[in-house]
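The primary structure of each chain is shown beneath.
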Amino acid sequence: MCSALLVAWLVFRWRHLRRDLASMACGAGLLVVLCQVRNVSLFAIGISVAPVPVVLFSVATMPVFAALLSRVLMGEATHWSTWAATVAVLVGIGLAVFGTAPGGVRGSALLGARAGLGVALSLALSFVTIRRNARLAILPVVGAGALPAGAIGLARARPQAMAGGHVWAIVLAGRFVLPVSFFSLSPASR
């Protein structure tokens, strides 16, 4: 994800590299980088120690955190219809993920929920910070946040664990799905 976002930044914003780097060096830029490191790290930890549905349900609380942080940090009120839609979506997601669990699901639901809530809070703070700082360059801060998280994960993973599973799917997700989704969500908050 890091390399895809940083390459896209170099290709599409090459005329603005100095300005983008300067925007990264401010407090808001560093905060978004730290939020991305925390987000990626906690998600990886969560899905490795807990049932994935629990983690995903917890991550789905991100709009609640975003609305609360937006109120506290920017003074924005959230319309009642947004809260109603959020509740409806959370109920739907809850029904989907907490239905009948397939056999063999293991892990600590509490640890997964805590990791997922940490991801949700990090994403929300990242989105609110991006919204609050319109000059902040999104591609480099999100990409730079993925770099340390990926390096830590790579350093901690055992070589045999890296070759197990469906490597092609992980590469596809890291090269295309995650960068496109993270980049699409970040400017949407503006």
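Below is a summary of the structure that appears in this document. What you are looking at is a predicted structure, and each value in this text was computed from that prediction instead of being measured.

What counts as what
Every chain begins its residue count from 1, and numbering advances along the sequence as written. The model is predicted, so local features are restricted to residues of pLDDT at least 70 and side-chain atom pairs to those at 80 or more, both for listing and for counting; the totals for chains, interfaces and linings are taken over all residues. Hydrogens are left out, water is left out, and the side-chain values use all remaining heavy atoms of the structure. In this text, helices come from DSSP runs of H or I with a minimum length of four residues, and strands from runs of E with a minimum of two, each type numbered from the N-terminal end. Should any heavy atoms of two residues lie within 4.5 Å, those residues are considered in contact. In short, Shrake-Rupley with a 1.4 Å probe defines the accessible areas, and a residue's cover is counted only from the protein chains shown. A simple rule labels every residue: compare its accessible area, found with a 1.4 Å probe on the protein chains alone, to the largest value its type can have, and call it buried under 20%, exposed over 50%, or partly exposed in between. Arc definition: it is the arc formed by the directions from the helix axis to the C-beta atoms. A carboxyl oxygen of Asp or Glu within 4 Å of a side-chain nitrogen of Lys or Arg is what we treat as a salt bridge. Patch members must show over 30% relative accessible area and no salt bridge, and they are joined within 9 Å when carrying like charges or within 5 Å when they are nonpolar side chains of Val, Leu, Ile, Met, Phe, Trp or Tyr. In protein, a polar contact means a hydrogen-donor-capable atom and an acceptor-capable atom, both N or O and within 3.5 Å, with residues adjacent in sequence counting only if both atoms are side-chain atoms; elsewhere, any N or O pair within 3.5 Å suffices. For helices, the axis comes from a line fit to the C-alpha atoms of the stretch in contact; other axes are also lines fit to C-alpha atoms, and the angle between any two N-to-C directions lies between 0 and 180 degrees. Small angles under 35 degrees read as roughly parallel and large ones over 145 as roughly antiparallel, with 65 to 115 read as roughly perpendicular and the rest as oblique. Helix crossings are classified by the rotation of the near helix relative to the far one: an anticlockwise turn of less than a right angle makes the crossing left-handed, while a clockwise turn makes it right-handed.

Turning next to the overall build of the chain. On a plain count of helices and strands, the chain comes out with ten helices and zero strands. Ordering the α and β elements of the chain from the N terminus gives α-α-α-α-α-α-α-α-α-α. Look at the contacts in the chain between residues 6 or more apart in sequence, and 86% of them connect residues 24 or more apart. Roughly 11300 Å² of accessible area belongs to the chain as shown, and the carbon and sulfur atoms make up 71% of that amount.

Within helix α2 (residues 17-24), the full set of buried residues consists of D20, S23 and M24. Along the axis of α2, the buried residues cluster in a sector spanning 105°; they form a single face.

The next point concerns the pattern of salt bridges. In the structure shown here, the tally under the stated rule is one salt bridge. As a salt-bridge pair, E76 and R131 come within 2.9 Å of each other at their nearest N and O atoms. One end of the pair, E76, is in the loop between α5 (62-74) and α6 (80-97); the other, R131, is in helix α7 (residues 109-132), with 55 residues separating them in the sequence. Assessed through its relative accessible area of 24%, E76 is described here as partly exposed. Since its relative accessible area comes to 35%, R131 is described here as partly exposed.

For the rest of this paragraph, the subject is a nonpolar patch on the surface. Judged by side-chain polarity, V7, V11 and F12 come together as a nonpolar surface patch covering roughly 330 Å² of accessible area. With respect to the helices and strands, the residue V7 is situated in helix α1 (residues 2-12).

Position of S58 among the secondary structure elements: in helix α4 (residues 52-59). In this view, S58 contacts G112, A113, G116, L117 and A120; residues no more than four positions away in its chain are not counted.

Take the environment of S122 next. Among the secondary structure elements, S122 is positioned in helix α7. When the C-alpha atoms of S122 and V59 are compared, they prove to be 9.8 Å apart, with 63 residues separating the residues in sequence. Filtering out sequence-adjacent residues up to four positions away, S122 remains in contact with C35, R38 and N39. Within the structure, the side chain of S122 is placed 3.0 Å from the side chain of R38, a separation counted as a polar contact.

What describes two packed helices is the angle between their axes and the distance between those same axes. Across the interface, α4 lies against α7 with an axial gap of 7 Å and an inter-helix angle of 30°. Classified by the interaxial angle, the pair formed by α4 and α7 is roughly parallel. By crossing handedness, the relation of α4 to α7 is classed as right-handed. Seen from α4, the contacting residues are V54, V55, S58 and V59; seen from α7, they are A109, G112, A113, G116, L117, V119, A120 and L123.

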